[in-house]
Amino acid sequence: MLSQKNIPANERLMFALDVPTAGEAKKLVETLGDAVIFYKLGLELFMSGDYHDLLRWMAAQGKKVFADLKFFDVPNTVASAVRQLDGSGAAFVTVHGNDEILRAAVAARGSTKILAVTVLTSLDRGDLDSLGFQVDAEKLVL
């Protein structure tokens, strides 16, 4: 079923900037122009060292950003990491973990919305077995 939320049509597409440098990401954003409003920035770009500068640059371009960082650590550390994103231009950030971790992230979020990651889409039955989960992905998500 499609979401009943009033999401503008031009914000329903998120382009994954899965490139190694901020310079490459900026070139893609400039090339795509007004065709894309929403972008996903993941760990590869985070490790480039220019993540926060890129977030600010994108906000100045009128773009929205989904910080796909899948924070997973003790609740206080996740809260501190989420707090660091407030005011950076990130509209969303992903958090992976239990209820306590998610509550800590929500409490620290400021204007950034939290997206909870339940199960990575790349995991198959064998992966779940090796991680010790005795249920299929659908039941684990629920």
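Up top you'll find the structure we're talking about.
Residues numbered from 1 in each chain as written. Predicted model: local features only at pLDDT ≥ 70, side-chain atom pairs only at ≥ 80, totals over all residues. Heavy atoms only, no water.

Novice: So what's going on with the overall build of the protein chain? Residues and values would help.
Specialist: Along the backbone of the protein chain there are 7 helices and 5 strands. Taken from N to C terminus, the helices and strands of the protein chain fall in the order β-α-β-α-α-β-α-β-α-β-α-α. With respect to the three principal axes, the spread of C-alpha positions in the protein chain is 45 × 35 × 30 Å. Split into buried and exposed, the 142 residues of the protein chain put 32% on the buried side. Taking contacts inside the protein chain between residues at least 6 apart in sequence as the whole, the part at least 24 apart equals 53%. A total accessible area of about 8900 Å² is found for the protein chain, and carbon and sulfur atoms account for 55% of it. Each charge sign in the protein chain was given a centre, from 15 positive and 18 negative side chains, and these centres are 7 Å apart. (Helix = DSSP H or I, 4+ residues; strand = E, 2+ residues; numbered from the N terminus. Buried < 20%, exposed > 50% of the residue type's maximum accessible area, 1.4 Å probe, protein only. Contact = heavy atoms within 4.5 Å. Areas by Shrake-Rupley, 256 points an atom, 1.4 Å probe, with all protein chains shown as cover. Lys, Arg positive; Asp, Glu negative; His and termini not counted. Charge placed at Lys NZ, Arg CZ, Asp CG, Glu CD.)

Novice: Before we move on, could you go through the packing of aromatic side chains and cite the residues and values that matter?
Specialist: Ring pairs (aromatic) are described by centroid distance and by the angle formed between their planes. Applying the stated criterion across every chain yields a total of 3 aromatic pairs. Look at Phe46 and Tyr51: their rings are 5.2 Å apart centre to centre, the planes differ by 75 degrees, and that puts the pair in the edge-to-face class. (Phe/Tyr/Trp six-rings, centres within 6.5 Å; stacked < 30°, edge-to-face > 60°.)

Novice: Give a detailed account of the pattern of salt bridges, specifying residues and quantitative values.
Specialist: Tallying each qualifying case throughout the model produces 5 salt bridges. Among the ionic pairs, Lys40 bridges to Asp18, the shortest N-O distance being 2.9 Å. One end of the pair, Lys40, is in strand E2 (residues 38-41); the other, Asp18, is in the loop between strand E1 (14-16) and helix H1 (22-32), with 22 residues separating them in the sequence. Among the charged side chains, a salt-bridge network with shared partners connects Asp18, Lys40, Asp68 and Lys70. (Salt bridge = Lys/Arg side-chain N within 4 Å of Asp/Glu carboxyl O.)

Novice: So what's going on with the environment of Leu17? Residues and values would help.
Specialist: Positionally, Leu17 belongs in the loop between E1 and H1. For the pair Leu17 and Arg109, spaced 92 residues apart in sequence, the C-alpha to C-alpha distance is 23 Å. Setting aside residues up to four positions removed in sequence, Leu17 forms contacts with Ala25, Leu28, Val29, Tyr39, Lys40, Leu41, Leu45 and Met58.

Novice: Could you give me a rundown of the sheet that holds strand E4 (residues 90-96), with the residues and numbers involved?
Specialist: In space, the 5 strands of this open sheet follow the order E1-E2-E3-E4-E5, with parallel pairing throughout. Of all strands in the sheet, those bounded by a partner on one side alone are E1 and strand E5 (113-117). Adjacent strand axes in the sheet meet at a mean angle of 25 degrees, parallel and antiparallel pairs treated alike. Sheet topology note: the E1/E2 ladder contains 3 bridges and is parallel. (Pairing = 2+ DSSP bridges. Axes fitted to C-alpha atoms, helices over the stretch in contact; angles between N-to-C directions.)

Novice: Any chance you could break down the packing of H1 against helix H3 (residues 51-60) for me, citing the residues and the numbers?
Specialist: The contact between H1 and H3 brings their axes to 10 Å, and the two run at 15 degrees. In this view, H1 runs roughly parallel relative to H3, as classed from their interaxial angle. Considering the relative orientation of H1 and H3, their crossing is right-handed. Residue-level contacts link Ala22, Ala25, Lys26, Val29 and Glu30 of H1 to Leu54, Trp57 and Met58 of H3. (Parallel < 35°, antiparallel > 145°, perpendicular 65-115°, else oblique. Left-handed = near helix turned anticlockwise from the far one by under 90°.)

Novice: I'd love a proper account of the nonpolar core, names of residues and values included.
Specialist: By size, the foremost hydrophobic cluster in this structure holds 31 residues, and its most contacted members are Leu41, Met58, Val82 and Val95. Of all the secondary structure elements, the ones that give two or more residues to this core are H1, E2, H3, strand E3 (64-71), helix H4 (75-85), E4 and helix H5 (99-108). Not counting residues within four places of it along the chain, the set of residues in contact with Leu41 comprises Leu17, Tyr51, Leu54, Leu55, Met58, Val65, Phe66, Ala67 and Asp68. (Core = buried A, V, L, I, M, F, W, Y, C linked by side-chain atoms within 4.5 Å.)

Novice: For the packing of H4 against H5, give the residues involved together with the corresponding values.
Specialist: H5 packs onto H4 with a crossing angle of 30 degrees between their chain directions and a minimal axis gap of 8 Å. By the angle class used here, H4 and H5 are roughly parallel. In this structure, H4 meets H5 at a crossing whose hand is right-handed. Taking contact as the criterion, the partners of Pro75, Val78, Ala79, Val82 and Arg83 in H4 are, on H5, Glu100, Ile101, Ala104, Ala105 and Ala108. Partitioning the contact of H4 with H5 into residue classes produces 8 nonpolar, no polar and 2 charged. (Nonpolar A, V, L, I, M, F, W, Y, C, P; charged D, E, K, R; others polar.)

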